[in-house]
Amino acid sequence: MSTYRDFAHRGSARATVLKTVGTKERRSHLTAPRVPTVGIDIGGTKVMAGVVDADGNILEQLRTETPDKSKSPKVVEDTIVELVLDLSDRHDVHAVGIGAAGWVDADRSKVLFAPHLAWRDEPLRDAIASRLVVPVMVDNDANTAAWAEWRFGAGRGEDHLVMITLGTGIGGAILEDGQVKRGKYGVAGEFGHMQVVPSGHRCPCGNRGCWEQYSSGNALVREARELAAADSPVAHYLLDRVKGNVADITGPLITELAREGDAMCIELLQDIGQWLGVGIANLAAALDPSCFVIGGGVSAADDLLINPARDAFKRHLTGRGYRPEARIAKAQLGPEAGMVGAADLARLVARRFRRANRRRVERYERYAQIYDQAASTIRNTRSTRTAD
């Protein structure tokens, strides 16, 4: 089995090959090689890596915490390389795809900005590719998750899909006709920073009233902690569960209590869901997709969140009653979606590399044949002269 270490000496040759490949790639997954690839999902707290086959099956998965010293981009890069090398010891990997929680440029080479990591205009693709001997693809983590859901999950068969990821904030992605729409500068899909409440809650992005301040994991926890800190009677059960320590209130705990029937937690999730529906209605007015896929950690609340979102969507949809309504579905692939999508997108890059490498080998064989013919002619000429 070929491993990265076995072929380390080919790094410069691989770089030469990749330079011959055009910047435009065809995005048809139907013609991508059916080879195993590695997907990497990088967040502020964890780095997840896995080997994924052409059908979206995870063959092996590794997970580690994001390094504490992540102020240095190289520390995170070291972690990525170590995970890939570990997996390559047991699998013949043909490409690496990285889904990064941040803004990635249109060429999918640089992370322009990452809110939870010290990446500012960071040339991540080239930094990783220079240390591995396979091609590397970098994209926004919401884009990779949306691709995975379209290929293998809740969005299969949809021509126009919008994915919304509800986690600490809100991320998103747009797919049309089998292509991820990244925008002119690569940063399309930042739905969480649409302003829905003028002069509303301050957002870390610097603006006020952003959508993610009303429909996200942070919004859910903020509202619960405010009620608990005010010693509201409706929050007594929640306070009992955290033994009075407001800082221990988390999104998963709120979801757990809502499933147990706690009225306040149910209401908080309904509020988050209603704001989710309002934002989806706005996106429907702008993009008119056939399907919205809801993913991210908060989506684990299932119908406690999705049903209020559907109700609010129907109430706020422009032209309601006179137009087809988009389907709203919960994501199916869970927290592995970003990793699976990154690996699958990398398969397209693997195709480019394999084709370029094949052309290079063919050129080499042609030149070798010409050289052999020339050498044979010279030998024959010398033999003739010697005989004379």
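To keep things clear, this report deals only with the structure shown in the data block. Just so we're clear, the structure is a prediction, and the values are computed from it rather than from any experiment. (Residues numbered from 1 in each chain as written. Predicted model: local features only at pLDDT ≥ 70, side-chain atom pairs only at ≥ 80, totals over all residues. Heavy atoms only, no water.)

Describing the packing of aromatic side chains
The cut-off we apply is this: Only Phe, Tyr and Trp rings are paired, with Trp represented by its six-membered ring, and only when their centres lie within 6.5 Å; those with planes under 30 degrees apart are stacked, over 60 edge-to-face, the remainder tilted. For the purposes of this entry, the term helix denotes a DSSP run of H or I that reaches at least four residues, the term strand denotes a run of E that reaches at least two, and both are numbered from the N terminus. Type-normalised accessible area, obtained with a 1.4 Å probe on protein chains alone, sets the label of each residue: buried when under 20%, exposed when over 50%, and partly exposed for intermediate values.
Within the structure shown, the criterion is met by 4 aromatic pairs. Residues Trp147 and Trp150 carry aromatic rings whose centres are separated by 5.1 Å and whose planes lie at 55 degrees to one another, so their mutual orientation is tilted. Of this pair, Trp147 and Trp150 both sit in helix α4 (residues 141-152), 3 residues apart, which is roughly one turn of the helix. Judged by relative accessible area, which is 13%, Trp150 ranks as buried. Consider the rings of Phe292 and Phe313, whose centres lie 6.2 Å apart with planes at 65 degrees: the pair is edge-to-face. With a gap of 21 residues between them, Phe292 in strand β12 (residues 291-295) and Phe313 in helix α9 (residues 303-316) connect regions that are remote in the sequence. Residues Phe292 and Phe313 agree in their burial class; the two are buried.

Overview of the sheet that holds strand β6 (residues 111-113)
Put simply, the test is: Two strands qualify as a pair provided DSSP detects at least 2 bridges between them.
Sheet architecture is open: 3 strands sit in the order β5-β6-β7, paired in antiparallel fashion. Across the chains shown, the open sheet's two edge strands, defined by having one partner strand only, are β5 (103-104) and β7 (120-122). Here β6 runs beside β7; their pairing, made up of 2 bridges, is antiparallel. Bridging from a neighbouring strand, Phe113 pairs with Arg120 of β7.

With respect to the pattern of salt bridges
For clarity, the cut-off: Only one rule defines a salt bridge in this text: a Lys or Arg side-chain nitrogen within 4 Å of an Asp or Glu carboxyl oxygen.
What the rule picks out here adds up to 17 salt bridges. Asp78 is the partner of Lys74 in a salt bridge, and the nearest nitrogen-oxygen pair spans 3.2 Å. Of this pair, Lys74 and Asp78 both sit in helix α2 (residues 73-88), 4 residues apart, which is roughly one turn of that helix. We classify Lys74 as partly exposed; its relative accessible area is 48%. Here Glu158 ties to Arg327 by a salt bridge, and the two come within 2.9 Å at their closest N and O atoms. Residue Glu158 is located in the loop between α4 and β9 (160-166), and its partner Arg327 is located in strand β13 (residues 327-330); the two are separated by 169 residues in the primary sequence. Judged by relative accessible area, which is 36%, Arg327 ranks as partly exposed.

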